[in-house]
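Summary of the model geometry
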Amino acid sequence: NHTIRQISPVGTNWMVTTIAGLAGHPGSANGMNSAARFNYPAGLRVDSTGNAFVADAGNNTIRKLVHVGTNWVVTTVAGLAGVSGSTDGTGSAARFNYPAGVAVDHTGNLYVADNGNSTIRMITPAGVVTTIAGQAGVTGSADGTGSGAQFNTPFGVDVDSAGNIYVADSGNNTIREVTLVGSDWVVTTIAGLAGSFGSADGTNSAAQFYYSLDVAVTSAGTLYVADTDNSTIRQMTPVGTDWVVSTLAGFATDFVGSADGTGSAARFYAPFGPALDSAGNLYVTDFYNDTIQIGRASCRVRV
C-alpha cells in the first residue's frame, strides 16, 4: 500500500489508521500525512520520543515521521530517491541499495541493514552515514572487523540498550551480532550456520533458520526472530557466552496457515517485522496473511 499505519488499542479492539502516504500511490515526496509518499517501505522502528524511522526500500532512502499535533510530518533523513549506490556521506549525499531494516539506539543513532549492498550502515543524528560492517558488492559469511566482515543480503536489524546490533542475515540463514570494540565494529555469528538451512532448535551453530527476515531484542537481551520461510517465531536466549534457540510459535516445514493458538498450534505464513512493547507483548507482521498478530507471554497468538 506504500503507507505507514498505526494500530491503537481501544478497549478490547484495535483501531487502524493510515498516518502517512496514500494507498496505491508510490512516490518519494516529503510532506504531511497523505501528502507524503513512500515506495515499498520495508522496515520501521520508533524511538523513545515517538518518532518513527522507515527504511523506504524502493526509494533507497531513510525517512522520519514526527508527530506534530494531530499530524505526521515526513522528511528524508538520508539517501536520494531513485538513486542507488553505497556512498557514505551526509543526508542526500549518501547512497543506499534497497535498505530493508532500520533500528535506533538510545542516543539517536540509526542502524540500517542495507540489503542490496550487504552492509550495515550507521546514521548519526546529524545525518552522517558511514558503513560500519561489510563491504558493498561483496557477499559472504565471514566474521571479522569492519569491512573484513561479510553479509549476504541482510534484512532486519535491531539494537539493545548496550548498543550491540543484531542482524538477520537472511541470505546466510544466520543471526549476527555487531559490537563496538574501541573504534571498531566486530561481527560474530551467534546462531545458525552459513550455507545450511532448516528449522532445528539448538545452541549457536547447531540451530538452523530458513531465510529469517527480522529480529527484535528485549531489554533483557532476549532475541525474537521472524523465521520467515519456516513460518515460525524463534526465541534466542543468552546463556553465558552461548545462544540457545527455541521455537516459540508456529510449526516449521509446510504447516503454513493463519490459525490463532498456543505455541506450535499457531500458524503463520511468511512472518517478518517483529516488534516488542513495554509489557513484553510481541507483534508480528504476517506477510502473506495480510494480518498483524500478537503473541503474549503464554505464547498464545491471535490476530
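The structure we're discussing is the one just above.
All residue numbers refer to positions counted from 1 along the written sequence of the respective chain. pLDDT decides what is reported in this predicted model: residues at 70 or higher carry local features, side-chain atom pairs at 80 or more are listed and counted, and totals for whole chains, interfaces and linings draw on all residues regardless. Remark: hydrogens and water are excluded; side-chain values derive from all non-hydrogen atoms of the structure.

With that out of the way, let us pick up the overall build of the chain. Every helix listed is a DSSP run of H or I at least four residues long, and every strand listed is a run of E at least two residues long, numbered separately from the N terminus. Within the chain, the regular secondary structure consists of zero helices and 27 strands. Radius of gyration: over C-alpha atoms. The globule rule applied is 2.2 Å multiplied by the number of residues raised to the 0.38 power. Relative to its length of 303 residues, the chain is compact, with a C-alpha radius of gyration of 18 Å against a globular reference of 19 Å. Expressed as lengths along the three principal axes of its C-alpha atoms, the size of the chain is roughly 50 × 45 × 30 Å. Note on classification: 1.4 Å probe, protein chains only; a residue is buried when its accessible area is under 20% of the maximum for its type, exposed when over 50%, partly exposed between these limits. Looking at the chain residue by residue over its 303 residues, the buried ones come to 47%. Contacts are assigned to residue pairs with any non-hydrogen atoms lying within 4.5 Å of each other. When contacts within the chain are restricted to residue pairs at least 6 apart in sequence, those whose partners lie at least 24 apart make up 37%. Here the chain displays about 12800 Å² of accessible surface, and carbon together with sulfur accounts for 53% of that area. His is not counted, nor are the chain ends, whereas Lys and Arg count as positive and Asp and Glu as negative. To locate a charge, the coordinates of NZ of Lys, CZ of Arg, CG of Asp or CD of Glu are taken. Where the 13 positive side-chain charges of the chain centre and where its 21 negative ones centre are 9 Å apart. Under the convention used here, a 1.4 Å probe and the Shrake-Rupley method define accessible areas, while residue burial counts only the protein chains that appear.

With respect to the element layout, S212 can be found in the loop between β18 (202-203) and β19 (214-217). Within 3.5 Å is the distance limit for a polar contact, defined as a pair of N or O atoms, with the added protein rule that one can donate a hydrogen and the other accept it, and that residues adjacent in sequence qualify only through two side-chain atoms. Here D227 takes part through its side chain, which lies 2.8 Å from a polar atom of the side chain of S212. Among residues more than four places away in sequence, those in contact with S212 are A168, S170, V225, A226, D227 and T228.

Turning our eyes to something else, we now look at the sheet that holds strand β17 (residues 184-191). With antiparallel pairing, the five strands of this open sheet are ordered in space as β13-β17-β16-β15-β14. Among the strands making up the open sheet, the edge pair consists of β13 (144-145) and β14 (156-159). Only strands joined by at least two bridges in the DSSP assignment are considered to pair. In this structure, strand β15 (residues 165-169) lies alongside strand β16 (residues 174-181), joined through five bridges in antiparallel fashion. What sits directly across from I165, in β16, is V178.

Core analysis: the biggest nonpolar cluster contains 16 residues, and Y111, I132, I165 and V178 have the highest contact counts within it. Within the residue set of this core, elements represented by two or more residues are β10 (110-114), β11 (119-123), β12 (128-133), β14, β15 and β17. The next biggest cluster of nonpolar side chains, apart from the first, holds 14 residues, and it includes A168, A207, V225 and W243. Side-chain atoms within 4.5 Å link the members of a nonpolar core, which is a set of buried Ala, Val, Leu, Ile, Met, Phe, Trp, Tyr and Cys residues.

A pair is scored as a salt bridge if a Lys or Arg side-chain nitrogen falls within 4 Å of a carboxyl oxygen belonging to Asp or Glu. Tallying each qualifying case throughout the model produces eight salt bridges. Note that D114 is salt-bridged to R121, the shortest N-O span being 2.7 Å.

Strand order across the open sheet formed by five strands is β18-β22-β21-β20-β19, with antiparallel pairing between neighbours. Edge positions in the open sheet fall to β18 and β19, since each of these has one partner strand only. As defined by bridge partners, β19 adjoins strand β20 (residues 223-227) across four bridges and the pair is classed as antiparallel. When the sheet's bridge partners are listed, A216 is paired in β20 with Y224.

Before going further, it helps to spend a moment on the side chain of N117. Tracing the backbone shows N117 in the loop between β10 and β11. At 2.8 Å, the side chain of N117 forms a polar contact with the backbone oxygen of G85.

Let us now look at the pairing of β10. Along β10, five of the five residues are buried, which leaves the element largely enclosed by surrounding structure. Burial along β10 is two-sided: L110, V112 and D114 facing one way and Y111 and A113 facing the other are all buried. In this sheet, β10 lies alongside strand β9 (residues 99-104) in antiparallel orientation, the contact comprising five bridges. The residue bridging A103 from the neighbouring strand is Y111, located in β10. Where β10 meets β11, five bridges bridge the pair, whose relative direction is antiparallel. Its bridge partner being in β11, Y111 is matched across the sheet by M122. In textbook terms, the turn of a hairpin is the stretch between consecutive antiparallel strands, and for β10 and β11 this stretch comprises four residues, one of which, S118, has a positive phi near 55°.

Keep in mind that these numbers describe shape and distance, not what the molecule does.
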